[in-house]
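What follows is the residue order along each chain.
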Amino acid sequence: YYLALARQTDRLHRLVERLLDFGRMEAGTSPYRLEPLDACALIRSVVEEFEQDSAANGYRVELQVDGIQGVPPTVAGDREALTNAVWNLLDNAVKYSPECRTVWVEVERTGSRLAIRVRDRGLGVPRHEHAEIFRRFVRGAGAKTQGIKGTGIGLAMVRQIVAAHGGDVLVASEPGAGSTFTILLPAKG
């Protein structure tokens, strides 16, 4: 019971922090502390921590780092902000995948950018909602129909964080086929 209570307390704490961070970002008072980060190490640590949190519900995360040999790529990033962005995508993948208990994360170098993909086999998002779901307080019709709880700020926050790092966030999704959210960040190395 203690572990379950501790996990839920941590989850609530993260939610409150995300809401406060989002408010600061919108107000322009949340300065990012950009530093060179080993992108692969950052993603590994986020995935490991998330997997510990979600394992109690039977979910697992498969991490694949492709085509990155030698010196790992670095990104100029704010560790906490990028962690929040990736965590949010993982959290959504779990939340919207009640049947498939596996989430896939791929890190790949694509030219001068680093692609971080979070893929699930969940509900999926209709094409006409792709742009809308990145707006604040907007949730997809499938989430409402299925009664999945959420605030509707997660993807808006992801988009804002990624844009502040000079990157893009993309979605590829179809109803019933799952979703792939891709964060593209400028990379060095």
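Remember, it's a predicted structure, so these values are computed and weren't measured experimentally.

(A) Structural view of the overall build of the protein. Tallying secondary structure elements over the protein gives 5 helices and 7 strands in all. N-terminal to C-terminal, the α/β element order of the protein is α-β-α-β-β-α-β-β-α-α-β-β. Within the protein, counting contacts between residues at least 6 apart in sequence, those at least 24 apart form 72% of the total. With the model as given, the accessible surface of the protein reaches about 10200 Å², and the carbon-plus-sulfur share is 52%.

(B) Examining the pattern of salt bridges more closely. According to the stated counting rule, one finds 6 salt bridges in the structure shown. Its salt-bridge partner being R135, residue E132 comes within 2.6 Å of it at the nearest N-O pair. A relative accessible area of 43% places R135 in the partly exposed class.

(C) Up close: the side chain of N84. Along the chain, N84 turns up in helix α3 (residues 79-95). Residue contacts for N84: discarding those within four places in its chain leaves D21 and I161.

(D) Focus on the environment of S97. You can see S97 is positioned in the loop between α3 and β4 (102-110). Residue classification places S97 among the buried residues on the basis of a relative accessible area of 0%. Here the alpha-carbon distance between S97 and L123, two residues 26 residues apart in the chain, equals 6.3 Å. If we ignore the near neighbours within four places in the chain, the residues touching S97 are Y59, D120, R121 and G122. A distance of 2.6 Å separates a polar atom in the side chain of S97 from the backbone oxygen of A93.

(E) Up close: the packing of aromatic side chains. On inspection of all chains with the given rule, the structure shows 2 aromatic pairs. Consider the rings of F50 and W87, whose centres lie 4.9 Å apart with planes at 80°: the pair is edge-to-face. Here F50, found in helix α2 (residues 39-54), pairs with W87, found in helix α3; they are 37 residues apart in sequence, far enough to count as distant. Taking the relative accessible area as the measure of exposure, F50 reaches 2% and is therefore buried. Just above the ring of W104 sits the side chain of R119; from NZ or CZ to the centre is 4.5 Å.

(F) Spotlight on the nonpolar core. With 40 residues, the main nonpolar core has V75, L90 and I183 as its most contacted residues. Where this core is concerned, the elements lending two or more residues are α2, α3, β4, β5 (113-119), α5 (154-164), β6 (168-174) and β7 (178-186). When residues of this core are assigned to their parent elements, the largest contribution, 9 residues, is made by α3. In this structure V75 touches E35, P36, L37, A39, L82, L114, L185, P186 and A187, once residues within four positions along its chain are discounted.

(G) Representation of the pairing of β4 in the model. With 7 bridges joining them, β4 and β5 adopt antiparallel strand pairing. In the strand pairing of β5, R109 is matched with L114. Linking β4 back to β5 in an antiparallel pair, the connection comprises 2 residues, with G111 at a positive phi of about 65°.

Definitions and limits used
- Residues numbered from 1 in each chain as written.
- Predicted model: local features only at pLDDT ≥ 70, side-chain atom pairs only at ≥ 80, totals over all residues.
- Heavy atoms only, no water.
- Helix = DSSP H or I, 4+ residues; strand = E, 2+ residues; numbered from the N terminus.
- Contact = heavy atoms within 4.5 Å.
- Areas by Shrake-Rupley, 256 points an atom, 1.4 Å probe, with all protein chains shown as cover.
- Salt bridge = Lys/Arg side-chain N within 4 Å of Asp/Glu carboxyl O.
- Buried < 20%, exposed > 50% of the residue type's maximum accessible area, 1.4 Å probe, protein only.
- Polar contact = N/O pair within 3.5 Å; in protein donor to acceptor, adjacent residues only side chain to side chain.
- Phe/Tyr/Trp six-rings, centres within 6.5 Å; stacked < 30°, edge-to-face > 60°.
- Lys NZ or Arg CZ within 6 Å of the ring centre and 35° of its normal.
- Core = buried A, V, L, I, M, F, W, Y, C linked by side-chain atoms within 4.5 Å.
- Pairing = 2+ DSSP bridges.

Keep in mind these numbers describe shape, not what the thing actually does.
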